[in-house]
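A structural walkthrough
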Amino acid sequence: MEGIQGVAALCENPNDVFLDASKLLLTYADNILRNPSEDKYRSIRIGNPTFSTRLLPIPGAVECLFEMGFEEAETHLVFPASASVDRLRRIRETIAAERDQRLGAGQTPACPQSSALSSAPPLPPGSPAPPQAPPTSPAPPTPQPAALPIPPASPGPPIQRESSVSFFRTLQSNVQHVMVYESPSLQHKALELIPLPRLTATAQSRLKQAQEADPGCGLSEQDMLLLELLGWFKGQFFSWVNCLPCVRCGGPTQSRGGLPPSPDELRWDAGRVENHHCPTCQNTTRFPRYNNPEKLLETRRGRCGEWANCFTLCCRAVGLDARYIWDSTDHVWTEVYSESQRRWLHCDPCENVCDKPLLYEIGWGKKLSYVLAFSREQVVDVTWRYSCKHEEVLTRRTQVQEPWLRETINTLNSARQQSLSVERRKELLGRLLVELVEFISPKKPKPGELGGRISGSLAWRAARGETCPATKPEEFVFIPTDMEKSEGRFHLQYSASADRYLRVSSGQEEMAGWESGAWRREGVFRKEEQDWNMVYIARTEGSRSGKISWRFDCGPAGLRMRTVKVRATGQTFQSGSVCWRMCSGQDTIEFPGDGEMHVAQRMAGCTELVVEAELSGGEGECSWQHAQLFRQSLQDPQEPSLEILIQLEEA
């Protein structure tokens, strides 16, 4: 029969292992066949102890479930309604026939002492083998060596042997570096800079909203705190560096190679210093690439290396179980373990994205080969989480041989986990087993995965604004209040420095946050430049364009617009562009964002107004900064950045 490789692999297990695993597989199949309309029999929780100990580690067992028709969800294996019951029955009968033959022959177990953890599930080459089950009593703690001996170089030509030594040094360097995040004094220093009470309060509010959207969501405050921390780090704390402004004249600079690091720069692990040359005054501005997260808490700037380094420290400081992710194609980010979801979440602080692991391969077009996770307790090859093209990735994994990589990772993990308790090692083993199941089956990119999210629970998507409900509460529409109706006037102001709306015509009503009064927004965020004490709205990094709009509708109040006046501000640099529009029905009027009041005479008699700004253009890596809305000083609030004044009359 075609497509029963899993059954063949299952049959190669020792007799007692096969009999135990096949019994459980037949139970799963029979439950569906006998109760085809019962949803509870179509789902297997990966974290279930019976599944994770009796099936998950057995070669061929999980593959049998896939061949039956089960598909992988985030925390379960699910038999969908579209799956073929006939195919399920055929696979079930094949397993049952083999089981009956073995029982009828009276075979004795070939390996009476075999453990459910004696062998790892078949995985894409390069995935680490599960560690051995911990002993029944803790091993006596032993001092952890400062450096580990290099395992035997992978066999092969001299070039590959040299490559394995270089690869090991990279592994060992990252293993040692992540221990810096565990310094109590360094975590305390980070906590002094993180507005944890504010982030926690907002996280609690978001959790309440998530639970209202899905009462059985099972999410936690920790999940929401992670999202708040990501947003704060991106929008308010850290800054991206392309070329630094000249320290002498403040003008733009150009990269001119490297400079030797100074003793103080070396003290903070800046082995590389960039020379940013000013063509105007011929001055040199140094850009040390600091690798010490303590220094990064002070500089608060850099590229992806500095971002991930500092963000991982911040995660550890607030109590999140985080690990540093190294990608051999020159990118780094963070993963955080969600206790409520029982899985690792991809987090990229540079992009302010969470749980979008295919972002790099599908969104960016990266050709991945090795992606490794480093924490204080474990190293894991997580390449397969970030790829849906496993076969293609395998063709690029030529730097070291796969058995050598598995052995090396296990050696590093054994040394790191010597002093851990038995309970903690069991917990790490359980997490790893769940990961290995995830890695077996490549995820298929879904339409809209990099835009609106369609997987995951409703609460988890709604909490991050990644769902598209029929009614979008985030699409705010201004409708005249009774006071505005009686006065015949609507007057709205927005201040970027205060980040609040003031509804002057409705008793000075305030609305906090730029998003609270926006109708639609796409690819924009509010940026605070701490170094320059400036704030503005710009498009997100990597976006070619961004849009934000505000909507006013007086139709429900039985009114129409008599006069419309709008004042807005925008600023552009190089080839950046900001286009302002007023729209009503089929009529569109463009106006400049020059800080002056502009009258839209053609809007008279209409009942609806949309004010829209579109940002585009710019050059280089910082093009997203070359088109800005509402640029203001944080220290000296100026007049409102946006003002809409509408005179109303009876329709």
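Please refer to the structure higher up on the page.
The rules behind each value
- Residues numbered from 1 in each chain as written.
- Predicted model: local features only at pLDDT ≥ 70, side-chain atom pairs only at ≥ 80, totals over all residues.
- Heavy atoms only, no water.
- Helix = DSSP H or I, 4+ residues; strand = E, 2+ residues; numbered from the N terminus.
- Expected span 1.5 Å × (residues − 1).
- Buried < 20%, exposed > 50% of the residue type's maximum accessible area, 1.4 Å probe, protein only.
- Arc of directions from axis to C-beta.
- Core = buried A, V, L, I, M, F, W, Y, C linked by side-chain atoms within 4.5 Å.
- Contact = heavy atoms within 4.5 Å.
- Axes fitted to C-alpha atoms, helices over the stretch in contact; angles between N-to-C directions.
- Parallel < 35°, antiparallel > 145°, perpendicular 65-115°, else oblique.
- Left-handed = near helix turned anticlockwise from the far one by under 90°.
- Nonpolar A, V, L, I, M, F, W, Y, C, P; charged D, E, K, R; others polar.
- Phe/Tyr/Trp six-rings, centres within 6.5 Å; stacked < 30°, edge-to-face > 60°.
- Pairing = 2+ DSSP bridges.
- Salt bridge = Lys/Arg side-chain N within 4 Å of Asp/Glu carboxyl O.

Once that is clear, we can look at helix H14 (residues 402-416). Along its 15 residues, H14 runs 21 Å from first to last C-alpha, staying within 8% of the 21 Å computed at 1.5 Å per residue. Taken together, the buried positions of H14 are occupied by Glu 402, Trp 404, Leu 405, Thr 408, Ile 409, Leu 412, Asn 413, Ala 415 and Arg 416. All buried residues of H14 lie within an arc of 165 degrees about the axis, which places them on one face of the element.

Judged by nonpolar contacts, the single largest core of 59 residues is most densely connected at Phe 167, Leu 229 and Phe 233. With near-sequence residues (within four places) excluded, Leu 229 lies in contact with Ile 194, Leu 199, Phe 311, Cys 314, Cys 315, Val 318 and Leu 320. Phe 478, Ala 518, Met 603 and Leu 609 belong to the second-largest nonpolar core, a separate cluster that totals 39 residues.

Before going further, it helps to examine the packing of helix H2 (residues 15-34) against helix H4 (residues 61-68). Look at H2 against H4: their axes get within 10 Å of each other, and the N-to-C directions meet at 20 degrees. Considering their axes alone, H2 and H4 lie roughly parallel with respect to each other. Taken as a pair, H2 and H4 cross one another with a handedness that is right-handed. Taken together, the residues of H4 that come into contact with H2 (itself represented by Leu 25, Tyr 28 and Ala 29) are Ala 61, Cys 64, Leu 65 and Met 68. Classifying every residue of the contact of H2 with H4 gives 7 nonpolar, no polar and no charged.

What the rule picks out here adds up to 28 aromatic pairs. Ring geometry for Trp 240 against Trp 307: centres 6.4 Å apart, planes inclined by 45 degrees, an arrangement best described as tilted. Placement of Trp 240 in strand E4 (residues 239-240) and of Trp 307 in helix H12 (residues 304-317) is noted, with a sequence separation of 67 residues between them. Classification of Trp 240 by relative accessible area gives partly exposed; the value is 21%. Feature note: the residues Phe 476, Phe 478, Phe 490, Tyr 494, Tyr 501, Trp 550, Phe 552, Trp 580, Phe 591 and Phe 630 constitute an aromatic cluster, connected by ring pairs.

Next up on the list: the sheet that holds strand E1 (residues 43-45). Strand order in this open sheet of 3 strands is E1-E3-E2, and the pairing throughout is antiparallel. Looking at strand neighbours, the two that pair on one side only are E1 and strand E2 (71-72), the edges of this open sheet. Where E1 and strand E3 (residues 76-78) come together, 3 bridges link them in antiparallel fashion. Residue pairing across strands places Ile 44 opposite Leu 77, the latter belonging to E3.

Let us now look at the pattern of salt bridges. Oppositely charged side chains are able to pair whenever their charged atoms sit close together. What the rule picks out here adds up to 52 salt bridges. Arg 267 is the partner of Asp 264 in a salt bridge, and the nearest nitrogen-oxygen pair spans 3.7 Å. Placement of both Asp 264 and Arg 267 in helix H10 (residues 263-267) is noted, with a separation of 3 residues, approximately one turn of the helix. Assessed through its relative accessible area of 55%, Arg 267 is described here as exposed. Taking the shortest distance from any N to any O, the salt bridge between Arg 503 and Glu 484 comes out at 2.9 Å. Linking Arg 503 in strand E17 (residues 500-503) with Glu 484 in helix H17 (residues 482-487), this pair joins segments that are 19 residues apart in sequence.

Right, let's get into the sheet that holds strand E7 (residues 284-288). Across a sheet, paired strands are connected by hydrogen bonds in the backbone, their directions being either parallel or antiparallel. Taken in spatial order, the 3 strands of this open sheet run E5-E6-E7, and their pairing is antiparallel. Two strands bound the open sheet, and with one partner strand each, they are strand E5 (254-259) and E7. Each strand of the sheet is rotated relative to its neighbour by a mean of 30 degrees, with strand direction disregarded. Of the strand pairs in this sheet, strand E6 (residues 273-277) and E7 are connected by 5 bridges, and their pairing is antiparallel. Bridge pairing links Val 273 to Pro 288 in E7.

Our focus in this paragraph is the environment of Lys 485. Counting through the fold element by element, Lys 485 comes out in helix H17. What makes Lys 485 partly exposed here is its relative accessible area of 38%. C-alpha separation for the pair Lys 485 and Gly 558, spaced 73 residues apart in sequence, amounts to 9.1 Å. Beyond its immediate sequence surroundings of up to four residues, Lys 485 is in contact with Ala 557, Leu 559 and Glu 650.

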